[in-house]
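# Summary of structural features
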Amino acid sequence: MLKETFYIDGVDARNFGIYLQRPIEFSEAKPIVEIQSIPGRNGDLVFETGSYENRTGIASCFCLQKDVEKAISAAGRFLMAKHGYRRLETSDDPDHYWMARVENSPQIAMRLRTLAPFEIGFDCKPQRFVKAGENAVVFTENGSLFNQYGQIALPFITLYGQGAGQLTIGDCVVEVKELDGTLYLDSDTQNAYNNNGNQNLNINAPIFPTFPDGEIQIAFSGGIERVDIIPRWWEL
C-alpha cells in the first residue's frame, strides 16, 4: 500500500480510494498587518496585529478503485461529510495536525478523468498544532511548564476542589469565587464553565491565562486542590 496519505477526523483517505501523489503542499503563514498612510509623510506605517492569515493546502491525488462511480460517491461523502473546520493530519508530519476546511470535492474531476490525477484544496488555520500539546499535565502542587514552540498558546484548564481559590499562571491571576468539584477554563473561547453551564460570573480575571514563549510559573491556593492543563502548543 502506498505510504503517503492524509486523515480527516482520524479517518484514512485510502479507505475511500484516495491516494496522495506527494505530500500536501501548504502555503507559508503570513502575518496580518494594518497599513496606515499619513498625508505628507513618505512611506506607510505598519502595525503588527499578532495574528496570521489562513493557509492553503493542496493535495495532489489519484483514485485507485475498480468501480469509479462507487469511488466518486465514497470520496464525496468522506470529504464533504461536515462543514467547517475539521482535524487534518498527514503521514509525512506525524507530530502535528491542522484545523482545515475542505474547499472542494473531486467528484467532477474524478468522473471526467476517470483515474487521472485531481486536486483537493484545504483552507487551513495558520497554526500547526503540536500533538504533544493535547496531553494533560497534572499539578497537585505549584510547578511550571515550558513553552519551547515560540508561539503564545491558549490552554484548556480544569480546576478541581471545593470553595474559593486563586490560580496564578505567569502574570495572570484568576480568582474563583466558588469551586464545587470541577471548573473548566478555556482560554481559546474565553469561557469558564462546568456541568451546570457558563461560569464566567464565578471568576474574576482581567484576562484568561496564556502561555508565552519560555517558562511559565503555575501556582494555586485556597479551595483549588488540583489543576490539569492541556497546553495546546502550536508553531508555524
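Report on the accompanying structure. (Residues numbered from 1 in each chain as written. Predicted model: local features only at pLDDT ≥ 70, side-chain atom pairs only at ≥ 80, totals over all residues. Heavy atoms only, no water.)

### Some words on a nonpolar patch on the surface
Where nonpolar side chains cluster on the molecular surface, the patch consists of Val33, Ile35 and Val46 and spans about 240 Å² of accessible area. Among the structural elements, Val33 can be located in strand β5 (residues 31-37). (Patch = residues over 30% accessible without salt bridge, like charges linked within 9 Å, V, L, I, M, F, W, Y side chains within 5 Å. Areas by Shrake-Rupley, 256 points an atom, 1.4 Å probe, with all protein chains shown as cover. Salt bridge = Lys/Arg side-chain N within 4 Å of Asp/Glu carboxyl O. Helix = DSSP H or I, 4+ residues; strand = E, 2+ residues; numbered from the N terminus.)

### Notes on the nonpolar core
Leu159, Leu167, Leu185, Val227 and Ile229 are the most contacted members of the largest nonpolar core, which has 25 residues in total. Mapped by element, the contributors of at least two residues to this core are β14 (156-169), β15 (172-186) and β19 (214-230). Val227 has contacts with Val137, Val138, Phe139, Ile157, Thr158, Leu159, Leu167 and Phe220, leaving out every residue within four places of it along the chain. Residues Cys63, Phe78, Leu79 and Val102 belong to the second largest nonpolar core, which totals 21 residues. (Core = buried A, V, L, I, M, F, W, Y, C linked by side-chain atoms within 4.5 Å. Buried < 20%, exposed > 50% of the residue type's maximum accessible area, 1.4 Å probe, protein only. Contact = heavy atoms within 4.5 Å.)

### Here's the deal with the pairing of strand β6 (residues 44-52)
Judged from the six bridges that link them, β5 and β6 form a sheet pairing that is antiparallel. Paired with Gln36 across the strands is Leu45, a residue of β6. Hairpin connection of β5 to β6: six residues between the antiparallel strands, including Gly40 at a positive phi of 85°. (Pairing = 2+ DSSP bridges.)

### A short note on the layout of surface pockets
Within this model, the largest pocket holds a volume of roughly 570 Å³. Residue lining of the largest pocket: 19 residues in total, with Gln127, Phe129, Leu154, Asp188 and Trp234 positioned closest to the centre. Of all the secondary structure elements, the ones that give two or more residues to the lining of the largest pocket are β6 and β9 (96-102). By residue number, the principal contributor to the lining of the largest pocket is β6, which donates four residues. Among the residues making up the lining of the largest pocket, the classes are represented as nine nonpolar, four polar and six charged. (1 Å grid on protein atoms, 1.4 Å probe; cavity = no way out; pocket = protein on both sides within 12 Å on 5 of 7 lines; lining within 4 Å. Points joined across faces, edges and corners; volume = space filled by probe spheres on them. Nonpolar A, V, L, I, M, F, W, Y, C, P; charged D, E, K, R; others polar.)

### Some points on the packing of aromatic side chains
Summed over the entire model, instances satisfying the criterion amount to ten aromatic pairs. Between Phe6 and Phe122, the ring centres sit 5.8 Å apart and the planes meet at 75°, which makes this aromatic pair edge-to-face. Taken together, the positions of Phe6 in strand β1 (residues 6-8) and Phe122 in strand β10 (residues 118-124) put the pair 116 residues apart, joining distant regions of the chain. As far as the burial class goes, Phe6 and Phe122 line up, both buried. Seen from their ring centres, Tyr184 and Tyr193 are 5.3 Å apart, and the 40° between their planes marks the pair as tilted. (Phe/Tyr/Trp six-rings, centres within 6.5 Å; stacked < 30°, edge-to-face > 60°.)

### Focus on the pattern of salt bridges
Applying the stated criterion across every chain, the model contains twelve salt bridges. In this structure, Asp123 and Arg101 form a salt bridge, with 3.3 Å as the shortest nitrogen-oxygen distance. Here Arg101 lies in strand β9 and Asp123 lies in strand β10, a separation of 22 residues in the sequence. We classify Asp123 as buried; its relative accessible area is 15%. Beyond isolated ion pairs, a larger network of salt bridges with shared partners links Arg87, Glu89, Lys131 and Glu134.

### What to know about the pairing of strand β8 (residues 86-90)
Within β8, four of the five residues are buried, which leaves it mostly tucked inside the rest of the structure. As paired strands, β1 and β8 are joined by three bridges and run antiparallel to one another. The residue of β8 that forms the bridge with Tyr7 is Glu89. The loop that links β8 with its antiparallel partner β9 comprises five residues.

### Examining unusual backbone geometry
With a phi angle near 60°, Gln190 is a residue other than glycine that sits in the positive phi range. Position of Gln190 among the secondary structure elements: in the loop between β15 and β16 (191-194). Of note, the phi angle at Arg232 is positive, near 60°, even though the residue is not glycine. Secondary-structure assignment places Arg232 in the loop between β19 and β20 (234-235).

Note that every value here comes from positions in space, so none of it alone points to a role or purpose.
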